[in-house]
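# Coordinate inspection notes
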Amino acid sequence: ECGYRLRPNQDIRTGRGEVQVNNFAMRYHRDVTPEKPAGVYRILVLSDSTGFGGEYHTNAQTYCGLMESRLNKQHPGRTFEVLPVTVNGWGPHHALGYVNKYGIFGADLVLVAIPAGDIDRPLTQMSGTRYLAAKPTFAWETVAVMACQLVKEKIAKGGRDYMHDDAEAYRQHE
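A brief look at the structure comes next. Since the structure is predicted, the reported quantities are computational estimates derived from the model, not experimental observations.

Of note in the backbone geometry, N9 takes a positive phi value of approximately 55° without being a glycine. Within the element layout of this structure, N9 appears in the segment before β1 (10-13).

This next bit is on the environment of G89. Secondary-structure assignment places G89 in the loop between β4 (79-86) and α3 (92-102). As for G89 and Y4, which are separated by 85 residues in sequence, their C-alpha atoms are 9.8 Å apart. Not counting residues up to four positions away in its chain, the partners in contact with G89 are Y4, D48, S49 and H94.

Okay, the side chain of S47 next. Mapped onto the elements of the fold, S47 is located in strand β3 (residues 40-47). Engagement of the side chain of S47 in a polar contact is seen with the backbone oxygen of A113, the distance being 2.9 Å. Those residues in contact with S47 that sit more than four places away from it in its chain are V85, T86, V87, W90 and A113.

M26, V32, L44, L83, V85, Y98 and F105 are the most contacted members of the largest nonpolar core, which totals 21 residues. Ranked by residue count, the leading element in this core is α3, at three residues.

Turning next to the pairing of strand β2 (residues 18-21). Looking at chain direction, β1 and β2 are connected through four bridges and run antiparallel. Residue pairing for β2: D11 is matched across the bridge by Q20. Two successive antiparallel strands, β1 and β2, enclose a turn made up of four residues.

Now for the packing of aromatic side chains. Two aromatic rings are characterised by how far apart their centres lie and by the angle between their planes. Enumeration over the complete set of coordinates arrives at six aromatic pairs. On the basis of an interplanar angle of 80° and a centroid distance of 4.9 Å, the ring pair of F24 and F105 is categorised as edge-to-face. Pair noted here: F24 is in the loop between β2 and β3 and F105 is in the loop between α3 and β5 (109-113), with a separation of 81 residues, a long-range link. For F105, a relative accessible area of 2% corresponds to the buried category.

Counting across every chain of the model gives five salt bridges. D108 is the partner of K36 in a salt bridge, and the nearest nitrogen-oxygen pair spans 2.9 Å. Of this pair, K36 sits in the loop between β2 and β3 while D108 sits in the loop between α3 and β5; the two residues are 72 residues apart in sequence, bridging distant segments of the chain. The structure contains a network of salt bridges with shared partners spanning D11, R13 and E18.

Looking now at the side chain of T86. With respect to the element layout, T86 can be found in strand β4. The residues contacting T86, other than those within four sequence positions of it, are L6, R27, V45, S47, D48, G51 and F52.

One open sheet accounts for three strands, arranged β4-β3-β5; its pairing is parallel. Both outer strands of the open sheet, β4 and β5, are each paired with one neighbouring strand and no more. Between one strand and the next, the sheet's axes are offset by a mean angle of 20°, whatever the strand orientation. Taken together, the eight bridges between β3 and β4 define a ladder with parallel strand orientation. Its bridge partner being in β4, R42 is matched across the sheet by E81. Against the sheet, helix α2 (residues 63-74) touches β3, β4 and β5, its axis set at about 175° to β4.

Calculation criteria
Residues numbered from 1 in each chain as written. Predicted model: local features only at pLDDT ≥ 70, side-chain atom pairs only at ≥ 80, totals over all residues. Heavy atoms only, no water. Helix = DSSP H or I, 4+ residues; strand = E, 2+ residues; numbered from the N terminus. Contact = heavy atoms within 4.5 Å. Polar contact = N/O pair within 3.5 Å; in protein donor to acceptor, adjacent residues only side chain to side chain. Core = buried A, V, L, I, M, F, W, Y, C linked by side-chain atoms within 4.5 Å. Buried < 20%, exposed > 50% of the residue type's maximum accessible area, 1.4 Å probe, protein only. Pairing = 2+ DSSP bridges. Phe/Tyr/Trp six-rings, centres within 6.5 Å; stacked < 30°, edge-to-face > 60°. Salt bridge = Lys/Arg side-chain N within 4 Å of Asp/Glu carboxyl O. Axes fitted to C-alpha atoms, helices over the stretch in contact; angles between N-to-C directions.

This is the structure:
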């Protein structure tokens, strides 16, 4: 599990900003479905406070809100959704827990935005002790394994969009 997440279905207005949280605990201005709507290019962003943006911004002022707005303005006739799964204090293992529970919402692209320091942060604070029977798994290793698993599953189902034109070469390489 992801440990903690935003409480779904909130519309909070502070003196400085506004935080809207949808049905899947995303800081997003509307509810979403696990299945991507036809004709939509969907981007799922997994991040910590950097992606969340603080309560002093509106949803539209966060990185994800700005990205969605700019993509839709720059590509008239296309529809982009940038779904922010962003929570203060999250590490890669939280994002992985969320994806394990809810999936990737049919995303065409998944962005994992984490501080560089999170790459070396172990899942426990005991990484250097001599009392452990085995070296702890680092959070980024778990996320990398999960990403590879999702790509393999997509390829096994005949999908080419995750690996673009390299899907056949990837199958032959395995």
